[in-house]
Structures are given as structure tokens and as C-alpha cells.
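An overview of the molecular structure
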Amino acid sequence: MIPRRPTLHIALAAAVAVIFIGSPPAPAQTLPILGYIDAHNHLFSNEAFGGKLLCGKVFDPAGPAAALVDCADHHPDGSLAWFENFTRYGTPVGTHDPAGYPALRDWPAHNSLTHQQNYYSWIERAWRGGLRVMVNDLVTNRQLCDIYPLKDRPCDEMTSIRLQAQLTSQLEAFIDAQHGGPGRGWFRIARTAAQARDAIAAGKLAVILGVETSEPFGCRQILTIPQCSAADIDRGLDELYALGVRSMFVCHKFDNALCGVRFDSGTIGNIINIGNFVGTGQFWKATTCTGPHHDNTISPAGVIPDEFARLLPPGISLPVYPPAPHCNVYGLTALGEHMVRGMIARGMIIEIDHMSVKAADRTLDILESVGYPGVISSHSWTAPGYLQRIYALGGMITQYGHQAQQFVDEWRRTLPLRKQYGVPGYGVGIDANGFGGLPAPRAGSAVQYPFTTFEGVSMGRLTTGQRTWDYNRDGMAHYGLMPDWIEDMRRIAGDEIVDDLAGGAPAYLRTLEAAENYAAPTDVALGRSARASSWSILAGLAVDGNRNTRWFSDWNANQWIRVDLGTVRSVKRVALDWEAAYARGYRIEVSTDGTNWRTVATVTDGQGGLDALSFAPTQARYVRMHGVQPATRYGYSLWSFSVFT
């Protein structure tokens, strides 16, 4: 158990607009780096989607009265705020009090998705309550911007991403100015794991930049035709890396030129499906899954607000889909693979969430084939069966901000995996300002104020302006109530869950640092001599480093291809990238003389794609794939055959 530290009592700065009992921990260079990680937050969503969808700002130099204001179209009583009403009440009809600071009578609220949830002083309270690392995902979405009728700017995604990165730096400077000058504030942007650790050791919040956008670098697709190139991706990754971005999604909500998405369900899913049609020229395409994983179920068409329904041309309606479970027919494209490999080369963390299972499978195959640890599921938007593969790589998992009991249940379910792979902590992916809602109040919750955090900080009820929040009534109405939500979970599950969450920040930084320090393994088969049981003249195409050339065999079961490494070496992993004619069953065999063979790995349930097989280090000059059961009637075909030491 993490030892509880004594309560610290330091006077609050008068400028802080948060009222609570206690104070932040003092700079803790002599203490171990512990604390919570929120790996999925959106500070500046108000600048995205055309600039008129989310109301209020994270900060304003003129103060909270200028920052915490409702949208003009929400006045006078919220009845015109059809998107707020629809996402909050399930119908475009509804009302709310648009009064902002200091009254804040009706918002923010855990289920109000169009009002600012990340005012900077609320983030400060979360930091004082134990938050040590926050990933600020710069977010936008061209399709949603296009279909939402109100906007004050163009819908170009990269323009919005650049602005949000700039505003994050301005927020850092704004907080610094309140605390005495550059570098003195509690909010520090970190570009490396080392910088993040230094910030935490100095008693500050380390902020990592990420990107969650639907068409990175303009990579949309229209009727499956990509609108970007590999060169566009390379330039875009270089630009984002220079901006400080270290974590990124490949696709989000809508199919793009890089990958197919994991569907949304319910009426929101139907609205997004309309956006997919408007943006790509086609609705989501799904088949009934036959494998162990599946995407979210596409719900039958229900009531859709007229503002979205009118976007469909006359005579066009949402498709009728085959029986669930549903799988997106689109996976990771060649351009998507180029982006994944480009992120590996730059030491960036790859977000697996929002990928279709077909895309996620291929992405994890690539990461496993080269042993890359920089991968995360940051907010519970991937198939649960992939969590073990993420942990096995050295990646990180943080859970969406569910209601306290639901979060605890999932934490308990995945605890054995963390113990199995020696993962030192767990995290949250709150997704504030992300149109998903914050943790609702729990029936029977009894958070007692003041409560004490794991670091000994005493926290009372939070007051901003004239509004005082009580988690037991309001749930996590905004980001500042994160400590109260964690206290509710402590009351359910005890100190163990707090200890696990307090290990989340160092666990995340371990993954980030491993990605930064990653060195690509050498493929010792590359360019070496190769032979095969049939079509041996083509065997060298599997080891030529060109992903567009391949070896193929005769159309029968007992076929093999072998590579001569030139000398005896210690080998421990092979990667086989199958064409459509893959092996259901095969053996990996090794030999020092080309005559006497030993089996080091056996596969009986091959699924095609990219297979990465690890085994105990063994001495070999020759490595052979020996097929025994083809999955199709066309024998075997390999794009590449790689061997690693």
C-alpha cells in the first residue's frame, strides 16, 4: 500500500477561483513519483468543430465571467440548443438556464456535453487532488463541423490542431503569470518522459500533447479513394512532432484513408453514420463477425434530429445491416500502415482506440512484429480481447470515465492482466469536452467532506462563483470533481484502487520512455539467400524488403520456404506477412546445417495478416516456414519473411 502522506497546509493564491480545504503537495524531489494519469482529455474542444458547438473557454485573461459563458444560440432559455438537448435529454426539445459565471445554475453538468468542463481552475483542483500527468488530445472533426449548421471558421482539421497547440502554450504562460513568471506555474507542457518526471518532481502537472482527429493530414477518402499521400503523412507527422505531439489516433469516428473505425451504437451512431455518408460518399459497411473480436453494434435507425436527417438526399436512408456482431469491412490501409510505421520511427504512442477490429488487429500485428511498446488504449474504445496484447508489448491502458461502480468493476476485471505483465499502475481517460459525458452520481454514494487524498491533501466541497458542487448529488459535473470521483471509488474498493491509480502516471511515462528509446530490431533475413519447395525462383521476393512483392507456392499443403542467414546466429522471433493465401497450420523450423531441423514454434489456428512469433533464443543459420494446412485452396503466399535476433 502507498503510505499516506501528512496533510499539507499552504496558503492558496488569491487568484485561484476554486475554494477547498487543504493545498497542493509541496515540491517532492525526495519522494517517489506517484500520481494519477488522465490519458484522454480535450482542453480546447471549444475551438473545434467550427467553433460554435461547445460553449465556454478554458481560460480568459478577463476572468471567469468572460470564460464561462453560454453559447449565443442557447439564449434565452436553452430551447434553441437542440444539440445540447438531444445529447442531454434524448430529444431536441428541452430547456436550461444559460446563465454562466457566477451563477452556473444548470451547467456544467456530468451530462451536459456542450458546456465547458475544463476551466483551468478546475484542472488545478484535479492536480491538487493527485493528478500528475494529463494528455491533452487536440481534437476536431471535419465531418461534424460540416454538418453542424453553426460555425465561425473553416472546417480544416490541421488548422484547428495548430490553434489548439498554440492555446495550450498560452494557457501555460497564463498560469505562469499568476504564479510569478515563466516556469513558476503548476501547468507544464512536457515533450519527453524525462521532462514530465522533472515537472512532477517539482510538484507540477505534466501535460503531454496528443491528437484525436478524423482526417489527419487531410487523409480523407471519397468512395474509398484516398485524398492524401505517404508524403503528406510524413510532412504531417514531422510538423506535429515539432509541435510537441507525442500520442496520436490513426482514425476517429469516420472511415478515412488510413483505417476503418470502430462503430458507435445508438442514435449517436446513426448520426455519425450519416456524417460518414456525407464525408466519404458511403455509409459504414459491416459484416457479421466470425472471429473472436467485434466492433460495436450498429443500432437500427431511430429518431434522428431533422438537422441531421435533412443531410440525406431524397430517397436515401440508413442501411439495414446484417445480424450482429458487427465488424467493419475496412481495416488498416497501406497509407495507415505507413503512418503507424512513421509513428514508430518517431517514438510516438499509437492510440489503438477507435480502430475497427480489422485495423486494430493489423496494427498490433505490426507492433508485435518489431517489438514496439508505444501503444495505448486510452478510453475503452477497443475490443477487450486486445488488452492482453497491449500489456504484453509494454503498452498502457486507461479506462474511460465511467460511473464509479462501473469503473471499479472493469478495474477489478483487468487487475490480473496487470499483475501478469508487471504493469505498475492503472489510469483514467476522462474524455472531458469529448461529447461522451462525465461520471454520473452513483446511487448510494456517500463521499464525506472534507476527504483526504492519498498524498494527505484535505479537500472540501468545490465552489466556483455562486455554485457549490457536491459529488453525491452532481457526480463529476466537471474536471475539478475528479478527486471526489476517485474518493467514491475508494469507498467502494478500498485503498487498493487508489494505489493502482497512483501508479498510473509512472506507468504511462514508462511506456512513453520505452517508445522514445526504442531501437528497431535488425531483420537478419533481409536480402539473404532464400529457397522454397516450389517457385523457388520467387523465394527471394519474401526477403527483399519490398512489401509489394511476394513469394507463392504450389497449391498443396506440404510446402516450405527457408532463408539462409549466412552464418549461425542466435534468433528469437520471426514475422510472416501473409498475402490472402495464408497458412492455417505451419511450423517454424531452424537448422545449423540445412539438413537437421528443429521446430521452435507451431501454429494451428493461423488467421492470416501479420504473424509475429517469439521463442526462446536458439542457434540457427537456416530458418524455415513449413506449411502443413493452407487456409485457402491456393497454397501459401508471403509478402515478407523476417527473422530477428
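Here, the structure is the one placed above.
In this text, all values refer to a predicted model and were calculated from it rather than measured experimentally. (Residues numbered from 1 in each chain as written. Predicted model: local features only at pLDDT ≥ 70, side-chain atom pairs only at ≥ 80, totals over all residues. Heavy atoms only, no water.)

**Focus: the overall build of the chain**
When helices and strands are counted, the chain shows 17 helices and 24 strands. Radius of gyration (C-alpha) of the chain: 26 Å, near the 26 Å computed for a compact globule of 645 residues. The principal-axis extents of the C-alpha atoms in the chain amount to approximately 80 × 65 × 45 Å. Among the 645 residues that make up the chain, the fraction classed as buried is 60%. Partitioning the intrachain contacts of the chain with sequence separation of at least 6 by distance along the chain shows that 75% fall at a separation of at least 24. Roughly 23400 Å² of accessible area belongs to the chain as shown, and the carbon and sulfur atoms make up 54% of that amount. Taking the 55 positively charged and 60 negatively charged side chains of the chain as two groups, their mean positions are separated by 5 Å. (Helix = DSSP H or I, 4+ residues; strand = E, 2+ residues; numbered from the N terminus. Rg over C-alpha atoms; globule rule 2.2 N^0.38 Å. Buried < 20%, exposed > 50% of the residue type's maximum accessible area, 1.4 Å probe, protein only. Contact = heavy atoms within 4.5 Å. Areas by Shrake-Rupley, 256 points an atom, 1.4 Å probe, with all protein chains shown as cover. Lys, Arg positive; Asp, Glu negative; His and termini not counted. Charge placed at Lys NZ, Arg CZ, Asp CG, Glu CD.)

**Considering the packing of helix 16 (residues 495-502) against helix 17 (residues 504-516)**
In helix packing, the relevant descriptors are the interaxial angle and the interaxial distance, both defined with respect to the helix axes. Two numbers describe how helix 16 lies on helix 17: the axes approach to 4 Å, and their chain directions differ by 35 degrees. Residues D500, L501 and A502 of helix 16 pack against G504, A505 and P506 of helix 17. In terms of residue class, the contact of helix 16 with helix 17 is made up of 4 nonpolar, 1 polar and 1 charged. (Axes fitted to C-alpha atoms, helices over the stretch in contact; angles between N-to-C directions. Nonpolar A, V, L, I, M, F, W, Y, C, P; charged D, E, K, R; others polar.)

**Some thoughts on the state of the cysteines**
With the rule as written, the count across this model stands at 5 disulfides. C289 shares a disulfide with C327; S-S distance 2.0 Å. Measuring the twist about the S-S bond at about 120 degrees, one finds the C289-C327 disulfide to be right-handed. Of this pair, C289 sits in the loop between strand 8 (286-288) and helix 9 (306-309) while C327 sits in strand 9 (residues 326-328), and the two are 38 residues apart along the sequence. Each member of the pair, C289 together with C327, is buried. (Disulfide = S-S within 2.5 Å.)

**Some thoughts on the nonpolar core**
By size, the foremost hydrophobic cluster in this structure holds 138 residues, and its most contacted members are L171, Y479 and W485. Contacts of W485, omitting those with residues within four sequence positions, involve G401, H402, Q403, A404, F407, V428, I430, P439, Y471 and M476. V543, V603, Y636 and L638 belong to the second largest nonpolar core, which has 32 residues in total. (Core = buried A, V, L, I, M, F, W, Y, C linked by side-chain atoms within 4.5 Å.)

**Quick notes on unusual backbone geometry**
Cis geometry marks the peptide bond from H75 to P76; its omega dihedral reads 5 degrees. Note that P76 resides in the loop between helix 1 (64-67) and helix 2 (82-89). Backbone torsion omega between A324 and P325 reads 5 degrees, so that peptide bond is classified as cis. You can see P325 is positioned in the loop between helix 9 and strand 9. For F217, which is not glycine, the phi torsion reads 60 degrees and is therefore positive. Within the secondary structure layout, F217 lies in the loop between strand 4 (205-213) and strand 5 (221-222). A relative accessible area of 10% means that F217 is categorised as buried. Residue N433 is not a glycine yet carries a positive backbone phi of 60 degrees. Structurally, the position occupied by N433 is in the loop between strand 13 (427-429) and strand 14 (451-452). With a relative accessible area of 2%, N433 lands in the buried category.

**Looking at the packing of aromatic side chains**
Where two aromatic rings form a pair, the distance of their centres and the angle of their planes describe that pair. Counted under the stated rule, the structure contains 24 aromatic pairs. An angle of 70 degrees between the planes, with centres 5.3 Å apart, marks the rings of W82 and F308 as edge-to-face. Here W82 is found in helix 2, whereas its partner F308 is found in helix 9, with 226 residues between them in sequence. Both residues of the pair, W82 and F308, belong to the buried class. Seen in terms of ring centroids, F83 and Y148 are 5.9 Å apart; in terms of plane orientation they differ by 75 degrees. Their pairing is edge-to-face. Of this pair, F83 sits in helix 2 while Y148 sits in the loop between helix 4 (142-147) and helix 5 (157-178), and the two are 65 residues apart along the sequence. On the basis of relative accessibility, which here comes to 8%, the residue F83 falls in the buried class. An aromatic cluster is present here, built from F49, W82, F83, Y148, F308 and F435 joined pairwise through their rings. Positioned over the ring face of W381 is K253, at 4.6 Å from the centre of the ring. Over the ring of W560 we find R624, and its NZ or CZ is 5.7 Å from the ring centre. (Phe/Tyr/Trp six-rings, centres within 6.5 Å; stacked < 30°, edge-to-face > 60°. Lys NZ or Arg CZ within 6 Å of the ring centre and 35° of its normal.)

**Comments concerning helix 5**
For helix 5, which comprises 22 residues, the first-to-last C-alpha distance of 32 Å matches the rise-based estimate of 32 Å (1.5 Å per residue) to within 8%. A distance of 3.5 Å separates the backbone nitrogen of M158 from a side-chain oxygen at the start of helix 5, and that oxygen is part of D156. Backbone geometry just after helix 5 places G180 at a positive phi near 110 degrees. (Expected span 1.5 Å × (residues − 1). Polar contact = N/O pair within 3.5 Å; in protein donor to acceptor, adjacent residues only side chain to side chain.)

**Comments concerning the pairing of strand 23 (residues 610-630)**
Two strands pair when backbone bridges link them, and strand 20 (residues 559-578) and strand 23 are joined in this way by 14 bridges, in the antiparallel orientation. In the strand pairing of strand 23, R569 is matched with A620. In the sheet, strand 21 (residues 583-591) pairs with strand 23 via 8 bridges, with the strands oriented antiparallel. The residue of strand 23 that forms the bridge with E589 is R624. (Pairing = 2+ DSSP bridges.)

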